[in-house]
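Summary of structural features
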Amino acid sequence: MEKVLTARIGKKDSRSIDTYLADGGYTGVKRVLTSGMTPEQVIEEVKKANVRGRGGAGFSAGVKWGFLPKDTKGKPIYLFCNADESEPGTFKDRLLMENDPHQLIEGMILASYAIRCRNAYIYIRGEFYDGARILERAIGEAYAKGYLGEKILGSRFSLDITVHRGAGAYICGEETGLIESIEGKRGQPRIKPPFPAVSGAFAAPTIVNNVETLCCVKHVIDRGAEWFLKIGRNEKNAGPKLFCISGHVNRPGVYEAAMGLPLKDLIFGAEYAQGMKGGKKIKAVIPGGASAPMLTAAEIDDCPLDFDGVAAKGSMLGSAAIVVINEDACIVDVAKNLSKFFSHESCGQCTPCREGTPWLYKVLTRIEAGQGRMEDIDLLARICNQMANGMTICVFADAAIAPPLSSVTKFRAEYEHHVTQKRCLVGARAAELVTV
Amino acid sequence: MSHTRYRVMEAGEARRFPPEAMARIEKILTRYPTKQAALLPVLWVAQETWGWISKEAGEEVARVLDLPPSHVDGVLTFYTMYNLRPVGKHLLQVCTSISCHLNGAESLLERCGKRLGIGLEETTADGKFTLVEVECIAGCDRAPSMMVNDQYFEPMDAGKLDALLDRLSREA
């Protein structure tokens, strides 16, 4: 597939507005603002393209925009770009922002025009100092050339974009946590409804979209929904997509391909990750970041990397962060590492999550250290079942149970071996005992 | 939620933002519909001004934003990147999340601590280095990844770590 989102990455001065304009940048903004295309027509085009949210949830951006009230009763509408990229295994938005900031800015201008937003913000995670500086410089260039500010290109449309740095909290990637954080509070998610589109930041209608999603919007407006829908496996899973692959592979990195790229191609393809480091066998693959249930080596056959394809395997595409784990890794140790992350990042608001995540981590630590009891294995599953499926305000707990629950189910023999033999079960024998 | 970097209550002097910091804060305030919304950016200004955020610095932030100091404190302790204690000149942040973990992050972290003679959340006696463990910093394709202050260093290995620490030690 022709590169779309990453087409300019690697080119000289790809961050500057001059090269962006030379490559045809901001023509979409010019066309929309001078041709009389209405905001409703922009929304309709994005809806038609079925641009599903690239941050993790896969919800249609156009449909989300459609939830905005027709009459806001004098309240402004806010657009927040979610650049809080913190899902372990994910590093695509960092690449987009650091290398082609104007692509994102153009996407935000078009989205803001569509939803009638006057003030938009980029909520960027605190660790991305470079990304924030690069975006600020690019925003300055866009103001200087008249693409941002009052009456853009002589139209009646005005827009300001502000870069807002987070300060280290995974939960601020959850859209209502992000809204709380931008309001100057602890980033603790809100109960929904009301959904942000109705009442979000500062009690005003608010749209939160991921970096890659907004970049897709730019291309949909440039080339049309029909073009977008033709890329990918089917119209429900369409468009160009960035895949982040890391772990025990030869060539980890961000690869752009059509939605629906077979998982095996991404791992073994010559133009992608080029197979397993040292020729080792695969033990497990996490297909969508830390929050996604693990897949076994057998399950990765015939697994298209798109929202519905990975869901059919009982996991999720999430942020398209593929972490590949080889036969030498201990699955209990992997689950313990992931549980440590969730235990640290729980916002502390809901009891099942605040208490459950460190409990899972403690039990996993005990088993991994060879001090576990046989009943601990079922205890893990029991804790998981009491944390998720609507027991909490947000889906963090549902994410936190994915690694222990999926690994206990599929790699139970490794857990039992840890309890009885007090050490890891790896290699060929472990592979024979996988239950899926 | 930050579990370990809570502030030690210290007796300090009253703080006032210097004029250049106040100028930055005025500019920040023009970008938000409420003063409270500027809290995170203003806390960044405080940290850049003093290197860390003392109880007094938190109170100064509360004063300029017309917020209760308790609210500022609640927010400060929620996020992990605000330093609640003085940190060394070089804040070493080693990622130990899954992709880095699979690529030897723990031994990197251990080597760091051994070479500097400090544990996690500790600062060397000369005030040069503080060592912390951090969650995924989106450097998974260049694992193991680490940051020193605001700069990424990736991918790391024992040799590169030694060279980096040597270079930073030599700096004045």
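Reading guide: rules and limits
- Residues numbered from 1 in each chain as written.
- Chains lettered and ligands numbered in written order.
- Predicted model: local features only at pLDDT ≥ 70, side-chain atom pairs only at ≥ 80, totals over all residues.
- Heavy atoms only, no water.
- Helix = DSSP H or I, 4+ residues; strand = E, 2+ residues; numbered from the N terminus.
- Rg over C-alpha atoms; globule rule 2.2 N^0.38 Å.
- Buried < 20%, exposed > 50% of the residue type's maximum accessible area, 1.4 Å probe, protein only.
- Contact = heavy atoms within 4.5 Å.
- Areas by Shrake-Rupley, 256 points an atom, 1.4 Å probe, with all protein chains shown as cover.
- Lys, Arg positive; Asp, Glu negative; His and termini not counted.
- Charge placed at Lys NZ, Arg CZ, Asp CG, Glu CD.
- Pairing = 2+ DSSP bridges.
- Domains from an automatic or database assignment.
- Buried area = accessible area lost by both parts, 1.4 Å probe.
- Salt bridge = Lys/Arg side-chain N within 4 Å of Asp/Glu carboxyl O.
- Polar contact = N/O pair within 3.5 Å; in protein donor to acceptor, adjacent residues only side chain to side chain.
- Core = buried A, V, L, I, M, F, W, Y, C linked by side-chain atoms within 4.5 Å.
- Nonpolar A, V, L, I, M, F, W, Y, C, P; charged D, E, K, R; others polar.
- pLDDT = per-residue confidence, 0-100.
- Phe/Tyr/Trp six-rings, centres within 6.5 Å; stacked < 30°, edge-to-face > 60°.
- Lys NZ or Arg CZ within 6 Å of the ring centre and 35° of its normal.
- Expected span 1.5 Å × (residues − 1).
- Arc of directions from axis to C-beta.

Once that is clear, we can look at the overall build of chain A. Per the secondary structure count, chain A includes 19 helices and 13 strands. The C-alpha radius of gyration computed for chain A amounts to 22 Å, which stays within 12% of the reference 22 Å derived for 436 residues, consistent with globular compactness. Considering only C-alpha atoms, chain A reaches an extent of 75 × 45 × 35 Å along its principal axes. Burial analysis of chain A (436 residues in total) assigns 63% to the buried set. Taking the intrachain contacts of chain A between residues at least 6 apart in sequence as the baseline, contacts between residues at least 24 apart amount to 69%. Accessible surface for chain A amounts to roughly 15,700 Å². Of this, 53% is attributable to carbon and sulfur atoms. Charge centroids of chain A, computed over 55 positive and 50 negative side chains, lie 2 Å from each other.

Residue and element names in this part refer to chain A. With respect to topology, 5 strands assemble into an open sheet ordered β8-β7-β13-β10-β11, the strand pairing being mixed. Two strands close off the open sheet at either side, each with one partner strand: β8 (253–258) and β11 (295–296). Pairing between strand β10 (residues 282–286) and strand β13 (residues 321–326): 4 bridges, direction antiparallel. Each residue of the ladder has a partner; that of V285, found in β13, is V324.

What follows covers the domain arrangement of chain A. Residue and element names in this part refer to chain A. Considered domain by domain, chain A is made up of domain 1 (17–230), domain 2 (239–326) and domain 3 (331–432). Put simply, the middle of domain 1 and the middle of domain 3, counted by C-alpha atoms, are 36 Å apart. If you look at the interface, domain 1 gives 10 residues, while domain 3 gives 9 residues. When the two sides are added together, the surface that domain 1 and domain 3 hide from each other amounts to roughly 870 Å², 71% of it contributed by carbon and sulfur. The interface formed by domain 1 and domain 3 includes 0 salt bridges. Counting every contact that joins domain 1 to domain 3 gives 3 residue pairs in polar contact (both at pLDDT 80 or more).

In terms of nonpolar packing, the biggest core is built from 170 residues, with W65, L104, I122 and Y415 of chain A together with F17 and Y79 of chain B touching the most fellow members. If one sorts the elements of this core by residue count, helix α6 (residues 101–115) of chain A sits on top with 9 residues. In this structure, I122 of chain A is in contact with C81, A83, L104, M108, L135, I139, I161, T162, V163 and H164 of chain A, ignoring residues within four places of it in sequence. Counting 25 residues, the second largest nonpolar core, distinct from the first, contains F243, L295, L317 and V324 of chain A.

To continue, consider the interface of chain B and chain A. Contacts between chain B and chain A engage 45 residues on the former and 62 residues on the latter. Taking both partners together, chain B and chain A bury about 4,200 Å²; carbon and sulfur atoms supply 54% of that area. If you look at where chain B meets chain A, you find 4 salt bridges. Note that E48 of chain B and R165 of chain A form a salt bridge whose closest N and O atoms lie 3.9 Å from each other. Applying the counting criterion to the chain B and chain A interface returns 26 residue pairs in polar contact (both at pLDDT 80 or more). Of all the secondary-structure elements, those providing two or more residues to the side of chain B that touches chain A are α2 (39–50), α4 (69–76), α5 (98–102) and β5 (151–153) of chain B. Here the side of chain B that touches chain A is composed, by residue class, of 21 nonpolar, 15 polar and 9 charged.

Quick look at the confidence of the model for chain B now. Low-pLDDT portions of the prediction should not be read for the details of their coordinates. In the predicted model, chain B carries a mean pLDDT of 92, and the fraction of residues at 70 or more is 91%. Long-range and interchain partners of residues 1–9 of chain B, a stretch whose pLDDT sits below 50, account for 34 contacts in this model, where long-range means more than four residues apart.

The amide bond that connects A143 of chain B to the next residue, P144 of chain B, takes the cis arrangement and shows omega of -5°. Following the sequence through the fold, P144 of chain B ends up in the loop between β3 (129–134) and β4 (146–148). Each neighbour pair has its own omega, and for E154 of chain B with P155 of chain B the value is -15°, a cis peptide bond. When you line up the elements, P155 of chain B lands in the loop between β5 and α7 (158–170). One non-glycine residue, D13 of chain A, adopts positive backbone phi at about 50°. Of note, D13 of chain A is situated in the segment before α1 (17–22).

Along any regular strand the residues' side chains alternate between the sheet's two faces. Residues and elements named next belong to chain A. For strand β7 (residues 240–247), the buried fraction is high: 8 of the 8 residues fall into the buried class. Here β7 shows two buried faces, one formed by P240, L242, C244 and S246 and the other by K241, F243, I245 and G247. Where β7 meets β8, 6 bridges bridge the pair, whose relative direction is antiparallel. What sits directly across from K241, in β8, is A257. Adjacent in sequence and paired antiparallel, β7 and β8 are bridged by 5 residues. Here 4 bridges tie β7 to β13, and the two strands are oriented parallel to one another. By the bridge assignment, G247 is partnered in β13 with V324.

One pass over the full model with this rule turns up 21 aromatic pairs over all chains. Summarising the aromatic geometry, the rings of Y78 of chain A and F80 of chain A are spaced 6.2 Å apart at their centres and angled 25° between planes, so their arrangement reads as stacked. In this pair, the class of Y78 of chain A matches that of F80 of chain A, namely buried. Seen from their ring centres, Y113 of chain A and F157 of chain A are 5.3 Å apart, and the 85° between their planes marks the pair as edge-to-face. Of this pair, Y113 of chain A sits in helix α6 while F157 of chain A is found in the loop between α7 (129–144) and β3 (160–165), placing the two residues 44 residues apart along the sequence. Judged on exposure class, the residue Y113 of chain A and its partner F157 of chain A are both buried. Each residue in the set Y78, F80, Y121 and F202 of chain A together with Y32 of chain B is aromatic and connected to the rest through ring pairs, giving one cluster. The residue whose ring lies beneath R94 of chain A is Y152 of chain B, and the NZ or CZ to ring-centre distance is 3.8 Å. Note that R165 of chain A overlies the ring of W44 of chain B, its terminal NZ or CZ placed 4.0 Å from the centroid.

So, on to the pattern of salt bridges. Oppositely charged side chains may form a pair once their charged atoms are brought near each other. As enumerated under the stated definition, the model contains 52 salt bridges over all chains in all. Here K92 of chain A makes a salt bridge to D93 of chain A, at a shortest N to O gap of 3.0 Å. The burial state of K92 of chain A is the same as that of D93 of chain A; both residues are buried. As a salt-bridge pair, K114 of chain B and E110 of chain B come within 3.3 Å of each other at their nearest N and O atoms. With a gap of 4 residues between them, K114 of chain B and E110 of chain B both fall in helix α6 (residues 105–116), about one helical turn apart.

Residues spaced three or four apart along an α-helix point in a common direction, a consequence of the helix completing one turn every 3.6 residues. Residues and elements named next belong to chain B. A rise of 1.5 Å per residue sets the reference length of α6, with its 12 residues, at 16 Å; its end C-alpha atoms lie 17 Å apart and thus fit the reference within 8%. Among all positions in α6, only A105, L108, L109, C112, G113 and L116 are buried. For α6, the buried positions fall inside an angular range of 130° around the axis, keeping them on one side. Buried residues along α6 sit in contact with β1 (90–95), α5, β3 and α7. Positive phi appears at G117, one or two residues downstream of α6, with a value of about 70°.

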